[in-house]
Structure formats: C-alpha cells, structure tokens
Amino acid sequence: MAKLAVIGAGFGGLALAIRLQTNGHEVTLVERREKIGGRAYVWEREGYVFDAGPTVITDPPCLEELFAGAGRSMADYVDMLPVQPFYRLFWEDGTTFDYTNDEELLFSEIGKLNPADVEGYAKFLDYAGHVYREGYEKLGHEAFLDFKSMISAAPALMRYEAFRSVYAMVSRYIKDEKLRQAFSFHTLLVGGNPYKTSAIYALIHKLEKEGGVWFPKGGTHALVRGLAKLFEDLGGELITGNGAERFETEGDRVSAVILEDGTRLRVDGVGSNADIVHTYADLLKDHPRGMKAARALAKRSYSPSLFVLYFGVEDPYPDVPHHSILFGERYKGLLDEIYGAKELPEDFSLYLHHPTATDPDLAPPGCSTFYVLAPVPHMGNFTGDWDEMAARYGDTILAYLEEHLLPGLRQKIAVRHHFTPKDFSRELNAHLGSAFSLEPVLWQSAYFRVHNRDDKLKNLYFCGAGTHPGAGIPGVVGSAKATAKLMRSDFA
Ligand SMILES: Cc1cc2nc3c(=O)[nH]c(=O)nc-3n(C[C@H](O)[C@H](O)[C@H](O)COP(=O)(O)OP(=O)(O)OC[C@H]3O[C@@H](n4cnc5c(N)ncnc54)[C@H](O)[C@@H]3O)c2cc1C
C-alpha cells in the first residue's frame, strides 16, 4: 500500500483520489479552498444556491463507474434528474431551437429552419457516432505517454479528418447557418473554438444524444459532495482550506508535499489536479524540471476565460428552460475576438443557467436562481482591470437579458455576484485566468497535451483539464481513469 497525495479536489482530483483509495492505497486529497469542487464550487446566498461552473452533466456512467468500482451505487449518494430540452437556443431575430435527443422533436426543429438539413443531420450523426467510438470510448481514458501511442491513433484521426474543425465538418452536412451554430457550439463548453477545434469533438453531440443531459438534485455540488463522501467512506483523508505550497524532491522523485500551514506529507507518489502551469512553476519550483516545464507550457495556447454573473430573482420565470444559449449578432467574428483579440468584444453570446427550472429547491419559494456566462479573452490577451470593470460589464449583460429573455429582470434581483478571469487566476491558480486550461486543438491533444505522468519525475502524475482528453466532466474523469491505471501498475 502506497502513501499517495492528490492535489486539488476538482472533478478530476476527486475521481483520481477515489480510484486510488479503491485500489487500496492510503490517499490524502488536498484542496486549498474552503470548499471542494474547483470549477464546480458552490455559493449559497440568502436561500439561493449557485453552482459555480458545470451544469450540463453528460455521460453519468463515467461517474457511476467510480461508485461501482468501490462496490457502491451512485443512486445512494446523489439523485440525477433528466433535463429536457437539453438547451433552448435563441437568436436575436426571434428564432428559437430546442435541442433534444427526442428524434421526432429534433427533426421537426431542424425542419423548421431548413427541411433539407434533416437528411444532412442524419449523416452528421453517423459521423459523430464514429468519432465518439474512436475518440471517446477507445481513447478517452488512455494515457498518451509516448509518440508511438500517437502514431497508433493516427490512422483513425486521418480517417475521420480530425485535422478539420467541428464547424467545417458540421457545414459539410448542414447548410443552414443557424443549424451550423446549433451543432458546433458545444466545443465552447470545453474551451474550444468551433472553427479551430478538431472535428473529433463532434463526439460531444453523440455523447449527449446517447446518454442524455442530467442535473443532480440539489445542484452540481450535490454530486461533488457525493464523490467526496464516497472517498471518505472508503477511508480517504480530505484536507480543505490548506493548499499545497511546494513539493520536496529526492533526486527525480517527489518525496513530500508541504502544505500552506507547514504540514509535511511524506508521499510515495503525487497526482496533481491543480493547474498544470501552477504545478510546475510553483509546486515544483525547487526542482530544475519545474521551471523548464513551466516555461515550455507558457508558450502554449490557452482557452479563453469566462465572465460569470450569478443572480437570484424574486420571480419564478416558468417559461425559461434550464439551459439557454443566446447567440449574438456575430458568431465567427465574435469567436475570433474571444480567442485572440487584445480588447474585450463589445457584443457577446451567452449561456444562461436556470437550475430552478429542474430543482425549485435551489431558491426560496417562488424565486429563481440563475447564472449567465460570457466567454471572454484570457488575461494574456485582454489585460483590462476586471476588478474595476466587472460590475459595469455585469450590468450590460443584465440589460441584454432583460431586453431579450427576462422582462423586468433588474427590478427583481435579490442577490448577485460575479466571477471574472482574475478570480479564475487568484481563486483557482488558473494560468492566465483560463477557464478550461490548454486550448483543445489537435496540436495540443493526446500526446501533445500534458502527460498523465511526468516524463522525468516518475512519481509525479497529472489529471484534469490540462491533460488528455481535456476539459469537461467526462474529460477530466477520463483523465483520472488513465492516471489511476498508470499509478496502479507503478505502485502494484
Ligand atoms: C463556468 C463553467 C461552466 C462549465 N460548464 C460545464 C458543463 O456544463 N459541463 C461540463 O462537463 N463541463 C463544464 N465546464 C468545464 C468543467 O467544469 C471543468 O473542465 C472541470 O470541472 C475541471 O475539472 P478539473 O479536474 O480540471 O479541476 P478544477 O475544477 O480546475 O479543480 C482544480 C482544483 O485544484 C485546486 N488547487 C489549485 N491549486 C492548488 C494547490 N496549490 N493546492 C491544493 N489545491 C489546489 C483548486 O482550488 C481547484 O479546486 C465548465 C467550466 C466552467 C468554468
């Protein structure tokens, strides 16, 4: 039995800690914030419950596997509720589109925009099915440690034209511009620009269609708490409010983790779920490998950040579904700016989360909980002072929502707070305040992403959004599976 530490209690860290504990190791999970969850943090204000980040839960089996592996049942820890429609999409000209896996309804929604695209959609779905099997089922939880592993995946990548973008592939089959947006925007949920992200990511469509979209009763954090409870039930030790400050090394091995309060955890191995640049630059700063790897990583391309505004409203808004996407006037032009411009775009496209549509208990009776997010450039591109401008930016978004979807909104807001790129940086140690770590483009995927085990320090491991396969709950839980597999054989 090895003594192992996992740094960071995001979904990836929790999944890794559970798997290691299940394998019989003595695991300490270390989280610097007061509450666990990472991007999936939670705030409670005056009876409103605000999940901080992930809200679209796909592929529940990847989570159920964690419980089943430990001889438990997920249903005993958390109640998962189905969400329909998956999303309602809104355009400024008044067009709406309900995105669902109910085929009859979906075909009718597609037909409303362009009848000819119903046939094209069937072909796109067929393509998405192939890349789902290749990219997710076969390779989604493999550790790409050497170039050979990449070469062996190459034929499939070529066959499915992974070098094309999701948008390009959708456009091959679907002609209507709004439908092209409807079937390509998903990459944004994992930090990818649909015009640059590999077509392999079309697999998200299949993932949602087959497995549905879910939401835990009590909010996403109820699921996070369920995972933590499972870990503790298995005998794992969870430390919160006390982060890792640095690693001690002996030669090319991590020998101890030093916590912020000075506690020294002697370890046989460590898995980091914390930001990849932070891990190398700060935690491994006393070993030459740390600065070298951090410098190399700093040259890579990072996903944008997000501005997120959480607000509780003294009104139920029964007609607003759980998940809405509001497309602004521009799509490609706006995305180009979010992914590269030095300025904050004046317009936005928004995702609106309305969890009380599924679980009214997340707000006081007769009230509703919301968050709205706008993708914005990360702090390496836009260097404006978010602390100074956040409230104004939030006001602009609320005015937009009031005009387009939530009449009378601003009069009825009881509580509000925001999370900016600067908060991603200071609260989560996120490099450049990126919301999703490395940008998910082909040249930063699989072998070209951070390896699940460091190339030099053979007892330092990684899991989470910066590793293969990348961001999103299924992604980081898959990365933890790959890492746990490596650790199981290394510490057998
Ligand atoms: C607003 C938003 C909405 C999203 N929506 C969705 C969605 O609907 N569906 C979906 O699947 N995905 C969604 N995502 C993406 C998904 O949430 C993330 O990719 C995923 O949760 C990241 O998990 P992770 O394992 O990489 O860890 P993180 O959540 O990044 O957690 C890392 C943890 O490490 C901790 N840490 C950092 N430094 C230290 C240290 N030195 N010592 C100890 N701890 C440390 C941090 O505090 C944090 O808790 C969303 C993301 C955001 C931001």
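Every residue gets a number counted from 1 within its own chain, in the order that chain's sequence is written. The predicted origin of the model limits local features to residues at a pLDDT of at least 70 and limits the giving and counting of side-chain atom pairs to 80 or more, whereas totals for whole chains, interfaces and linings rest on all residues. Hydrogens and waters are ignored; side-chain quantities use all the structure's heavy atoms.

(A) Here's a closer look at the sheet that holds strand 11 (residues 253–259). Taken in spatial order, the three strands of this open sheet run 10-11-12, and their pairing is antiparallel. Of all strands in the sheet, those bounded by a partner on one side alone are strand 10 (244–250) and strand 12 (264–266). Ignoring strand direction, the axes of neighbouring strands in this sheet form an average angle of 30 degrees. In this scheme, strands are said to pair when DSSP sees at least two bridges between them. Labels follow the DSSP assignment, with helices taken as runs of H or I lasting at least four residues and strands as runs of E lasting at least two, numbered in each case from the N terminus. Both strand 10 and strand 11 contribute to a ladder of six bridges, which runs antiparallel. Across the sheet, residue Ala 244 finds its bridge partner in strand 11, namely Leu 259. Working convention: axes come from line fits to C-alpha atoms, limited for helices to the stretch in contact. Angles between N-to-C directions cover 0 to 180 degrees.

(B) Up close: the site of the ligand. To be near a molecule or strand, a residue needs just one of its heavy atoms within 4 Å of it. In the vicinity of the ligand there are 39 residues, among which Gly 12, Glu 31, Arg 39, Asn 273 and Ile 473 approach most closely. The term polar contact refers here to a pair of N or O atoms within 3.5 Å; inside protein, the definition further demands a hydrogen-donor-capable atom paired with an acceptor-capable atom, and it admits residues adjacent in sequence only when both atoms are side-chain atoms. In this structure, Gly 12 approaches the ligand through a main-chain N or O atom, which is 2.7 Å from an oxygen atom. Between the ligand and Asn 273 there is a distance of 2.7 Å, counted from an oxygen atom to a side-chain nitrogen or oxygen. If the ligand stood free it would expose 1,000 Å²; the protein chains cover 97% of that surface. Of all elements in the fold, only helix 1 (11–22), helix 10 (276–283), strand 17 (368–376), helix 14 (421–428) and helix 15 (473–490) reach the threshold of two or more residues within the shell around the ligand. Only the protein chains shown count as covering a residue, and every accessible area follows the Shrake-Rupley method with a 1.4 Å probe.

(C) Highlighting the environment of Thr 197. Residue placement: Thr 197 occurs in the loop between helix 7 (177–182) and helix 8 (203–211). In this structure the C-alpha to C-alpha distance between Thr 197 and Arg 164, which are 33 residues apart in sequence, comes to 8.0 Å.

(D) Representation of the UniProt feature "domain: Amine oxidase" (unreviewed entry) in the protein chain in the model. UniProt positions are given in the numbering used here, feature names are shortened, and annotations may be inferred rather than shown by experiment. The positions UniProt marks with the feature "domain: Amine oxidase" (unreviewed entry) are residues 12–486. Each end of residues 12–486 is marked by a C-alpha atom, and these two atoms are 15 Å apart; helix forms 36% of the span and strand 18%.

(E) Representation of the side chain of Thr 95 in the model. Position of Thr 95 relative to the elements: it lies in the loop between strand 6 (87–90) and strand 7 (96–99). Among the polar contacts listed, one links the side chain of Thr 95 to the side chain of Asp 93, at a separation of 2.7 Å. We call two residues in contact whenever any of their non-hydrogen atoms come within 4.5 Å of each other. Those residues within four positions of Thr 95 in sequence are excluded, and the remaining contacts are Leu 89, Phe 90, Leu 113 and Lys 178.

(F) A look at the packing of helix 4 (residues 117–138) against helix 6 (residues 166–173). It is at 7 Å that the axes of helix 4 and helix 6 come closest, and there the two elements cross at 135 degrees. Of the possible angle classes, the one that applies to helix 4 and helix 6 is oblique. Note on element contacts: helix 6 touches helix 4 through Met 169, Val 170 and Tyr 173, opposite Asp 117, Gly 120, Lys 123, Phe 124 and Tyr 127. Gly counts as polar in this scheme, as do all residues outside two lists: the nonpolar Ala, Val, Leu, Ile, Met, Phe, Trp, Tyr, Cys and Pro, and the charged Asp, Glu, Lys and Arg. Classifying every residue of the contact of helix 4 with helix 6 gives five nonpolar, one polar and two charged. What sets the label is the angle itself: under 35 degrees gives roughly parallel, over 145 gives roughly antiparallel, 65 to 115 gives roughly perpendicular, and the rest give oblique.

(G) Seen up close, the domain arrangement of the protein chain. Taken domain by domain, the protein chain holds domain 1 (3–40 + 58–77 + 216–300 + 440–490), domain 2 (104–212) and domain 3 (305–428). Centre-to-centre, using C-alpha coordinates, domain 1 lies 29 Å away from domain 3. Each side of the interface is counted separately: domain 1 has eight residues, and domain 3 has eight residues. Roughly 640 Å² is buried in total at the junction of domain 1 and domain 3, and carbon and sulfur atoms are behind 42% of that figure. Salt bridge criterion: a side-chain nitrogen from Lys or Arg within 4 Å of a carboxyl oxygen from Asp or Glu. Linking domain 1 with domain 3 are three salt bridges, by the criterion used here. Asp 361 is paired through a salt bridge with Lys 217; the nearest N and O atoms lie 3.0 Å apart. In this structure, the connection of domain 1 to domain 3 is made through six residue pairs in polar contact (both at pLDDT 80 or more). Those domain boundaries reflect an automatic or database domain assignment. Using a 1.4 Å probe, buried area is obtained as the accessible area two parts lose upon being combined, added over both of them.

(H) Here's a closer look at the pattern of salt bridges. Counted by the stated rule, this structure contains 38 salt bridges. Between Asp 98 and Arg 88 there is a salt bridge; the shortest N-O distance is 2.6 Å. Here Arg 88 lies in strand 6 and Asp 98 lies in strand 7, a separation of 10 residues in the sequence. Here's how the labels work: a residue is buried when its accessible area is under 20% of the maximum for its type, exposed when over 50%, partly exposed in between, all with a 1.4 Å probe on protein chains only. The exposure class assigned to Arg 88 is partly exposed, which follows from its relative accessible area of 21%.

(I) Representation of the packing of aromatic side chains. Under the pairing criterion, centres of Phe, Tyr and Trp rings, with the six-membered ring standing for Trp, must be within 6.5 Å; the plane angle then separates stacked pairs below 30 degrees from edge-to-face pairs above 60, leaving the rest tilted. What the rule picks out here adds up to 36 aromatic pairs. Their ring planes at 15 degrees and their centres at 6.3 Å tell us that Tyr 48 and Phe 50 sit as a pair that is stacked. Relative accessible area serves as the criterion here: at 2%, Phe 50 is assigned to the buried category. Between the aromatic rings of Phe 327 and Tyr 331, the centroid separation amounts to 5.8 Å while the plane-to-plane angle is 75 degrees, which identifies the pairing as edge-to-face. Note on geometry: a ring has a charge over it if NZ (lysine) or CZ (arginine) is within 6 Å of the ring centre and within 35 degrees of the ring normal. Against the face of Tyr 195 rests Lys 332, its NZ or CZ located 5.4 Å from the ring centre.

(J) Main features of the state of the cysteines. We call a pair of cysteine sulfur atoms a disulfide whenever their separation is within 2.5 Å. Enumeration according to the criterion identifies zero disulfides in this entry. Looking at Cys 62, it has no disulfide partner, and the nearest cysteine sulfur is the one in Cys 463, 13 Å off.

(K) Local environment of helix 2 (residues 60–69). Here helix 2 has its buried residues at Pro 60, Cys 62, Leu 63, Leu 66 and Phe 67. In this structure, the buried residues of helix 2 make contact with helix 1, helix 4, helix 8, strand 8 (214–216), helix 9 (220–233) and helix 15. Positive backbone phi, approximately 75 degrees, marks Gly 71, located one or two places after helix 2.

(L) Quick peek at helix 10. Across the eight residues that make up helix 10, a large majority, seven, are buried. Among the residues of helix 10, Ile 276, Val 277, His 278, Thr 279, Tyr 280, Ala 281 and Leu 283 are the ones counted as buried. Those residues of helix 10 that are buried lie in contact with strand 1 (3–7), strand 10, strand 13 (269–272), helix 11 (288–298) and strand 19 (460–462). For helix 10, the capping residue at the N-terminal end is Asp 275, with a side-chain oxygen 3.0 Å from the backbone nitrogen of Val 277.

(M) Examining the sheet that holds strand 17 more closely. Strand order in the open sheet formed by seven strands is 7-6-15-16-17-14-18, and the pairing between neighbours is mixed. Unpaired on one side and paired on the other, strand 7 and strand 18 (413–419) mark the two borders of the sheet. Sheet twist, expressed as the average angle between the axes of neighbouring strands with direction ignored, equals 20 degrees. Pairing geometry for strand 14 (residues 305–313) and strand 17, over nine bridges, is antiparallel. Bridge pairing links Gly 312 to Thr 369 in strand 17.

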